[in-house]
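# Residue-level structural notes
The residues making up each chain are set out below.
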Amino acid sequence: MGSGVLGFGRRKTVRDAKVLVTGAASGIGRATALASAAAGAELVLTDINAEGLEDTVRVIKEAGGVVLVSRALDITDYDAVTAFATDVHAEFGSLDVVMNIAGTSTWGTVENLEHRHWRKMVDVNLMGPIHVIENFVPPMVRAKRGGALVNVSSAAGILALPWHAAYSAAKYGIRGVSEVLRFELRRHDISVHLVVPGAVNTPLVQTIELVGVDKHDPRVARLTAAFTKHAVSPEHVAAEILRGIERNRFLVYTSFDIRFSYWWARKFAYPYEFVIRRTSDRFNRLLVSKGS
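## A short note on the environment of I133
Residue placement: I133 occurs in helix α4 (residues 115-143). For the pair I133 and N151, spaced 18 residues apart in the sequence, the C-alpha separation amounts to 9.6 Å.

The structure is reproduced here in structure tokens:
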């Protein structure tokens, strides 16, 4: 296959590959960048957080890893992503692995969500990855070296989780993009991997915007504590992403509960709907009434 991602039948590795990681300043993105560097990748990194991105680059280089280039930018800005891609391709040529990891989250019911919430979820979690795909995947196709595309969706991209309508609009969307590209890019030997994390203990957990909910409500605090208790580490997710590439898995799970829940939802539709309705009712008791 030439330089870049090395193919062993259906198995691949990021060693000696030029790998783009978005959201590299913190959480899953940072952990995946570090894990990829340790595995021998040459990294192209970006994040909206310039300070955090600089720290990730420092840590990688101090450990002997290779960062070809990094740039702080907003992936919702198509022109900024295009300019970055143009510069990267001019200096380093096409990439071998593209990882769309950057994201953000807002939860709330439809009567509490405002247009800005819907817009932000779609802009960051769907259009941002699309901007990256538009700019970095076609050059991979033209290079004819194969490769891999990783898109991070969510459990909310495969299950109807309470309060996740706006978030799921984007996460189901990137799932749909990935499902199509999985087959479209196969003839170019570019594998596609859809990561569907459940609870992950990242800074995003602390910054999730809960619309229409009193965060000081003890019941909310208990739910948050339960979420954190079952959350896996970003490092665990990063390891599963690299394993998913190596084993050519389309759906990359990061915890058994999500794998089981998705299987259960497909095999037992009525019990699934019953549990989701009951869970939604439980969550809705926490809503702050209008005018209170």
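## Section: a nonpolar patch on the surface
Judged by side-chain polarity, F256, F260, W263 and F268 come together as a nonpolar surface patch covering roughly 440 Å² of accessible area. Relative to the assigned elements, F256 resides in helix α9 (residues 256-267). Here F256 falls in the exposed class, since its relative accessible area comes to 62%.

## Quick look at the nonpolar core
If you look at the biggest cluster of nonpolar residues, it comprises 32 residues, and the most contacted ones within it are L20, F84, V98, V132, F136, L149 and L185. Elements with a contribution of two residues or more to this core: α3 (78-92), α4, β9 (190-196), α9 and α10 (269-284). A total of five residues in this core trace back to one element, the largest contributor, which is α4. With 31 residues, the next largest nonpolar core counts A41, L45, V67 and V232 among its residues.

## Some details on α3
Along its 15 residues, α3 runs 21 Å from first to last C-alpha, staying within 8% of the 21 Å computed at 1.5 Å per residue. Among the residues of α3, V81, F84, A85 and V88 are the ones counted as buried. An end-on view of α3 places all buried positions within 100° of arc, on one side of the element. For α3, the exposed residues set more than 90 degrees away from the buried face come down to D79, A90 and E91. Backbone geometry just downstream of α3 places G93 in the positive-phi region, at approximately 80°.

## A word on a positive patch on the surface
Positive charge collects at one region of the surface, where R222, R278, R282 and R285 lie side by side. Tracing the sequence through the fold places R285 in the segment after α10. Among the residues examined, R285 registers a relative accessible area of 58% and is labelled exposed.

## Focus on the pattern of salt bridges
Tallied over the full model, the rule gives ten salt bridges. One salt bridge connects D55 with R58, and the closest N-O pair in it is separated by 2.6 Å. Placement of the pair is D55 and R58 together in helix α2 (residues 50-62), with a separation of three residues, close to one helical turn. Taking relative accessible area as the criterion, D55 reaches 28% and is therefore assigned partly exposed. Residue R58 is classed as partly exposed on the basis of its relative accessible area of 38%. Where R116 meets E114, a salt bridge forms, and the shortest distance between an N and an O atom there is 2.8 Å. Its relative accessible area of 41% is what places E114 among the partly exposed residues. Within this structure, R30, D55, R58 and E62 form a network of salt bridges that share partners.

About the thresholds
- Residue positions are given per chain, counted from 1 along the sequence in the order it is written.
- For this predicted model, a pLDDT threshold of at least 70 governs which residues receive local features, and a threshold of 80 or more governs which side-chain atom pairs are given and counted, while totals over whole chains, interfaces and linings are taken from all residues.
- The basis for every side-chain value is the complete set of heavy atoms in the structure, and neither hydrogens nor water enter the calculation.
- Per the convention used, a helix needs a DSSP run of H or I reaching at least four residues, while a strand needs a run of E reaching at least two, with both numbered from the N terminus.
- Candidate patch residues must exceed 30% relative accessible area and have no salt bridge, after which like charges are joined if within 9 Å and Val, Leu, Ile, Met, Phe, Trp or Tyr side chains if within 5 Å.
- Surface accessibility in these figures is a Shrake-Rupley result with a 1.4 Å probe; residues are shielded only by whichever protein chains are displayed.
- A pair is scored as a salt bridge if a Lys or Arg side-chain nitrogen falls within 4 Å of a carboxyl oxygen belonging to Asp or Glu.
- Partly exposed residues are those whose accessible area sits between 20% and 50% of the maximum for their type, while under 20% is buried and over 50% is exposed, using a 1.4 Å probe and protein chains only.
- As used in this record, nonpolar core signifies buried Ala, Val, Leu, Ile, Met, Phe, Trp, Tyr and Cys residues forming a set joined through side-chain atoms within 4.5 Å.
- Expected span of a helix: the number of residues minus one, times 1.5 Å.
- The arc refers to the directions leading from the helix axis to the C-beta atoms.
- His is not counted here, nor are the chain ends, while Lys and Arg score as positive and Asp and Glu score as negative.
- Each charge is placed at NZ for Lys, CZ for Arg, CG for Asp and CD for Glu.

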